[in-house]
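A look at the structure
Residues per chain, in single letters:
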Amino acid sequence: MLSAEIEERSRRFVEICNACRYCEGYCAVFPAIELRRQFTSGDLSYLANLCHDCRGCYYSCQYAPPHEFALNLPKAFADVRLETYELCAWPRPLAALFRRNGLAASVLALLCVVLFVWLAKPSSPSAVQQSAGAFYAVIPEGVMIAITGATFLFAVLSLAIGAIRFWRDTNSPSAFDAPSFLAAFSDVFTLRNLGGGGDGCNNKDETFSQSRRYFHHALFYGFLFCFASTCTAAIYEHIFGWISPYPFFSVPVLLGTLGGIAMLIGIAGLVQIKLTADSAPASKLLLDVDYSFLVLLFVAGATGLLLLAMRSTAAMGALLAVHLGVIVSLFLMLPYCKFVHGIYRAAALLRYAAEHPRRAKNLAAATEGVPLDPLR
Amino acid sequence: MESCDVLVVGGGNAGLSAAITAREAGASVMLLEHAPRAFRGGNSRHTRNLRLMHQSPTATLTGSYSSSDYWRDLLSVTHGKTDEHLARMTIDSTAELLPWMHAHGARFQPALEGTLSLSRTNAFFLGGGKALMNAYYSAAKRLGISIAYDTEVRSLCLVNGVVREVSTAKNGASDSVRPKTVVVSSGGFQANIDWLREYWGDAARNFIVRGTPYAQGVVLKNLLDQGAAPVGDPTQCHAVAVDARAPKFDGGIVSRLDCIPFSIVVDRAGRRFYDEGEDIWPKRYAIWGRLVAQCPEQIAYAITDAKSEKLFMPSAFPPIRAESIGELAQKLGVDAAGLETTMRNFNQAVRPGKFDSGVLDDCRTEGIAPPKTHWARPIDVPPFIGYPLRPGITFTYLGLKVNQNARVLMQDERPSANLFAAGEIMAGNILGEGYIAGIGMAIGAVFGRIAGREAAKVALG
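The next thing to look at is the overall build of chain A. What chain A contains, in helices and strands, is 16 helices and two strands. The C-alpha atoms of chain A give 22 Å as radius of gyration, which agrees with the globular expectation for 376 residues (21 Å, within 12%). Dimensions of chain A, computed from C-alpha atoms along their principal axes, come out at roughly 70 × 45 × 40 Å. Put simply, chain A has 376 residues, and 46% of those count as buried. A separation threshold of at least 6 residues defines the contact pool for chain A, and within that pool the share at least 24 residues apart is 76%.

This is the structure:
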């Protein structure tokens, strides 16, 4: 259950939105509101996680503060999202990490780095660097796979339980068809609802900007590239028996390099936007969660690139230990950090697509190369 | 003392259309807005769409809406209280508005799906009127228009139909401007309760003003006092029934109630006083402001039951619910015995029929006065729901008479040399009575552009 104050506030706002409906064209949230008359706690969680925080509705709202209704949907929904993250977290006691997110991520990263530095063999790296198996000379293969594999599987399990809890707590439909799935998939990969009016987000004021979309794309696709890099390396190693490190012009290294650079650019851009954004429609509590995830990802990407750049030097052993430590801490933090927003957002978009089949189809058709408005 | 080519008084749709047009014509422009930045835009910030003539479908409009259809719709609501020449010119000019608005940042809802966006006659602003105002203010800033918020115009010094000087007040400090030309676009007087009391008596105290509290009519009164020709019935205003729990000012769209055709409406004593099912709602909703204003203490109550709740748009305020009529009366503050009697008589008077909320159906009452002639169904499925109603005033009809160049006319029909008007302050030239959705914004946009163009022409010689 959401806390009473946060639930009541967002319900009050959503009731006003449902009577107004001026924001209908901005994003999925408003058509989803219009389907309902009364809003349960689960409905509000669903709507809050459907919100991409573009803030278009806040700046166009005739009832925004200082109006006596003080309608501030992005902030109210951000507060609901944070509670959703806690309610869906597994195991439940670890939900407390969301309220001390920066501290939790820092301590965990530090512990994991210390662990890997301690595990690293004090061998002479100059003798083994670059040759096949150089990494395993620093950290034994079995140890590396056991720790990274176990933490990764833990993250997957915990995230899956979270997703099921979210689906159940929001009373989402039990079945959905292929077109809904495709529509949701396309929503996730295009961020169609991020400034769904077409002009992008409002970051600082009433003016629109696509920068947040582009930086988020850089981070998101960069992250996927890095993940693809790791998967390719695993296939090389365990199916073809090609032992790392790989040359620069190899699929895993190229994917990882490109992905790492894209991530760093995306994170720097997103942090810059957050630092200069109007704080009125933001939730302070969620901001801490945003920053800690971005910083952790930045450190993961930066140490990875540094390892690549310096793998033929004496620093390779130490850098490998640090990078692995950060990656393992990232895996452990995944279910208790901002990463979960992607899971719940995707689930909410899937539910939206299932509940609005015609709209999903129309939007898909409208954005297939045809500008929404030929007058533009 | 400051000076400029064109001074625009009032920063709503008409004022910004005028300011932008004048600036693009090369004039130096200053815009004075009474409201603080957060509440800028006058009543335009509460609007949703504008009515446009168009020959073929556009991205935001379906079908076509011809000049003659538009004229016929206008004629039917004004009952002839309109200047045909100005009205037809306005209608024809709306065909040019979309590209201009787009070029200055306006965004519209695509004609895809949804309750509001799909329309033949009206283009809906994406995000509503405040989003449109934001776009226009951004454009104005980009163009180098000087904008002053919190700045009220107290008076204009008019000598032989020429504005010499404009007196302003900002945070209590007086100042003045000597512009070459002036466009007044400062709205009507609907937020001036004392002025409304001249026509409505003390009942006006209980009016809810749906829009901006800054529409005090100071400029309008000042110009009329100096011999500007009036237009429109000063005693008339457009008022609808709104939720009595709405804020005194600026409640906007969310306080409207569409439940009346599916309810009975009673006064404090629990008595009905008018046929709630007289005609389809869009045609009749505007009479209910006046009807409620005539009730004791200017309050009435719409009462219906669970089976009708989903037939109308929700209000921002949840309905008051009760398991019995007596309990509902008590919660609403209506005389319980009176309401119970009314309800019993009404339910007995309902004749069988085939209910259809979309047409004038045959569900009606027999043997009670006043009758309910359509959508009459027994109110008998708990929970019973009620909404308190107050008169909600939207705008006043009194304005300044203008010619086709938006020039303010003096009482001797002579046009002013350098004074122009646009928007609600002159809408009475075209809309002398009644209302059709989106006509106010259309008049504001058309006359704003004309006023800006003509003012710049005069100022630049």
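Read on for the rest.
The subject of this paragraph is the overall build of chain B. When helices and strands are tallied, chain B shows 12 helices and 18 strands. Burial status across chain B gives 54% buried among its 461 residues. Sequence-distant contacts, at least 24 apart, represent 74% of the contacts inside chain B between residues at least 6 apart.

The next point concerns the packing of helix α1 (residues 13-24) of chain B against helix α12 (residues 439-459) of chain B. Residue and element names in this part refer to chain B. Packing of α1 against α12 leaves a shortest axis separation of 7 Å and a crossing angle of 30°. When the axis of α1 is compared with that of α12, the two are roughly parallel. Two packed elements cross with a definite hand, and for α1 against α12 that hand is right-handed. Residue-level inspection shows N13, A14, G15, S17, A18, A19, I20, T21 and A22 of α1 in contact with α12, the latter providing M441, G444, A445, F447, G448, R449, A451, G452, R453, A455 and A456. Looking at the contact of α1 with α12, its residues break down into 11 nonpolar, seven polar and two charged.

Moving on to the environment of B:G232. Residues and elements named next belong to chain B. Here G232 lies in the loop between β10 (230-231) and β11 (237-243). On the neighbour-count criterion, G232 (22 C-beta atoms within 10 Å) is buried. Remark: the alpha-carbon pair of G232 and M426, spanning 194 residues in sequence, is separated by 9.0 Å. If we ignore the near neighbours within four places in the chain, the residues touching G232 are Y397, L398, G399, G428 and G432.

Right, let's get into the nonpolar core. In this structure, B:V6, B:V183 and B:A421 are the most contacted members of the largest nonpolar core, which totals 138 residues. Two domains share this core, each providing at least three of its residues, namely domain 1 (2-234 + 397-459) and domain 2 (240-392) of chain B. Non-local contacts of B:V6, meaning those with residues more than four positions away in its chain, are made with B:A22, B:A27, B:V29, B:P179, B:T181, B:V183, B:A455, B:A456 and B:A459. In this structure, A:C23, A:L44, A:A89 and A:L307 belong to the second largest nonpolar core, which totals 106 residues.

It is worth spelling out the domain arrangement of chain B at this point. All names here are of chain B. Domain annotation for chain B reports domain 1 (2-234 + 397-459) and domain 2 (240-392). Placing the centre of domain 1 and that of domain 2 at their C-alpha centroids yields a distance of 35 Å. If you look at the interface, domain 1 gives 15 residues, while domain 2 gives 16 residues. Class assignment of the residues belonging to the side of domain 1 that touches domain 2 gives a composition of eight nonpolar, five polar and two charged.

Here we come to the packing of helix α9 (residues 141-169) of chain A against helix α15 (residues 340-355) of chain A. Residues and elements named next belong to chain A. Look at α9 against α15: their axes get within 10 Å of each other, and the N-to-C directions meet at 40°. By the angle between their directions, the pair α9 and α15 is classed as oblique. In the packing of α9 onto α15, the handedness of the crossing is right-handed. The residues of α15 that touch α9, namely those facing L159, G162, A163, F166 and W167, are V340, I343, Y344 and A347. Classifying every residue of the contact of α9 with α15 gives eight nonpolar, one polar and no charged.

Residue and element names in this part refer to chain B. Here helix α11 (residues 336-349) contains 14 residues, and its C-alpha end-to-end distance of 20 Å stays within 8% of the 20 Å for a straight helix at 1.5 Å per residue. Three or more residues of α11 are buried, namely L339, T342, M343 and F346. The buried residues of α11 occupy one face: seen down the axis, they fall within an arc of 100°. What points out from α11, more than 90 degrees from its buried face, is the exposed set A337, R344 and Q348. Those residues of α11 that are buried are in contact with β12 (264-266) and α10 (325-332).

So, on to the environment of A:E15. Inspection of the secondary structure assignment puts A:E15 in helix α1 (residues 4-20). Judged by local crowding, A:E15 falls into the buried class, with 21 C-beta atoms found within 10 Å. Each C-alpha atom, one on A:E15 and one on A:R37, is 8.0 Å from the other, the two residues being 22 residues apart in sequence. In this structure A:E15 touches B:A316 and B:P318, once residues within four positions along its chain are discounted.

So, on to the pairing of β11(B). Residue and element names in this part refer to chain B. By the criterion of burial, β11 is predominantly enclosed, with seven of the seven residues buried. Pairing geometry for β11 and strand β15 (residues 384-396), over seven bridges, is antiparallel. Considered in β15, the bridge of H238 is made with F395.

Time to look at unusual backbone geometry. Of the consecutive residues A:S244 and A:P245, the connecting peptide bond is found in the cis state with omega at 0°. Relative to the helices and strands, A:P245 resides in the loop between α11 (211-240) and α12 (251-276). The omega torsion across B:P382 and B:P383 is 0°, close enough to zero to call that bond cis. Examined against the element boundaries, B:P383 turns out to sit in the loop between α11 and β15. The phi angle at B:E297 is positive, at roughly 60°, despite the residue not being glycine. Along the polypeptide, B:E297 turns up in the loop between α9 (287-293) and β13 (300-305).

Below, the discussion takes up the confidence of the model for chain A. In this model, chain A carries a mean pLDDT of 90, and residues with pLDDT of at least 70 account for 92%. Confidence over residues 363-376 of chain A falls short of pLDDT 50; this stretch has 21 contacts with residues more than four positions distant or in other chains.

Glancing now at the pairing of strand β1 (residues 2-9) of chain B. All names here are of chain B. Most of β1 is tucked away: six of the eight residues are buried. In the sheet, β1 pairs with strand β8 (residues 173-184) via seven bridges, with the strands oriented parallel. Residue pairing across strands places V8 opposite V183, the latter belonging to β8. When β1 meets strand β2 (residues 29-32), the two strands line up parallel, connected through four bridges. Bridge pairing links V6 to V29 in β2.

Moving on to the confidence of the model for chain B. Residues and elements named next belong to chain B. Model confidence for chain B is summarised by a mean pLDDT of 94, while 98% of its residues fall at 70 or above. Here residues 113-117 scores under 50 on pLDDT; set against residues more than four positions off or in separate chains, the count is 18 contacts. Listed scores for the predicted complex are pTM 0.93 and ipTM 0.94.

The next thing to look at is the environment of A:L255. Residue and element names in this part refer to chain A. Within the element layout of this structure, L255 appears in helix α12. Under the C-beta neighbour-count criterion, L255 is labelled buried, with 21 such atoms within 10 Å. Taking the C-alpha atoms as reference points, L255 and F225, 30 residues apart in sequence, are found 5.4 Å from one another. Once residues lying within four places of it in the same chain are set aside, the contact partners of L255 are F225, A228, S229 and T232.

What counts, and where the lines are drawn
- Residues numbered from 1 in each chain as written.
- Chains lettered and ligands numbered in written order.
- Predicted model: local features only at pLDDT ≥ 70, side-chain atom pairs only at ≥ 80, totals over all residues.
- Helix = DSSP H or I, 4+ residues; strand = E, 2+ residues; numbered from the N terminus.
- Rg over C-alpha atoms; globule rule 2.2 N^0.38 Å.
- Buried ≥ 20, exposed ≤ 12 C-beta atoms within 10 Å, placed from the backbone.
- Contact = placed C-beta atoms within 7 Å.
- Axes fitted to C-alpha atoms, helices over the stretch in contact; angles between N-to-C directions.
- Parallel < 35°, antiparallel > 145°, perpendicular 65-115°, else oblique.
- Left-handed = near helix turned anticlockwise from the far one by under 90°.
- Nonpolar A, V, L, I, M, F, W, Y, C, P; charged D, E, K, R; others polar.
- Core = buried A, V, L, I, M, F, W, Y, C linked by C-beta atoms within 7 Å.
- Domains from an automatic or database assignment.
- Expected span 1.5 Å × (residues − 1).
- Arc of directions from axis to C-beta.
- Pairing = 2+ DSSP bridges.
- pLDDT = per-residue confidence, 0-100.

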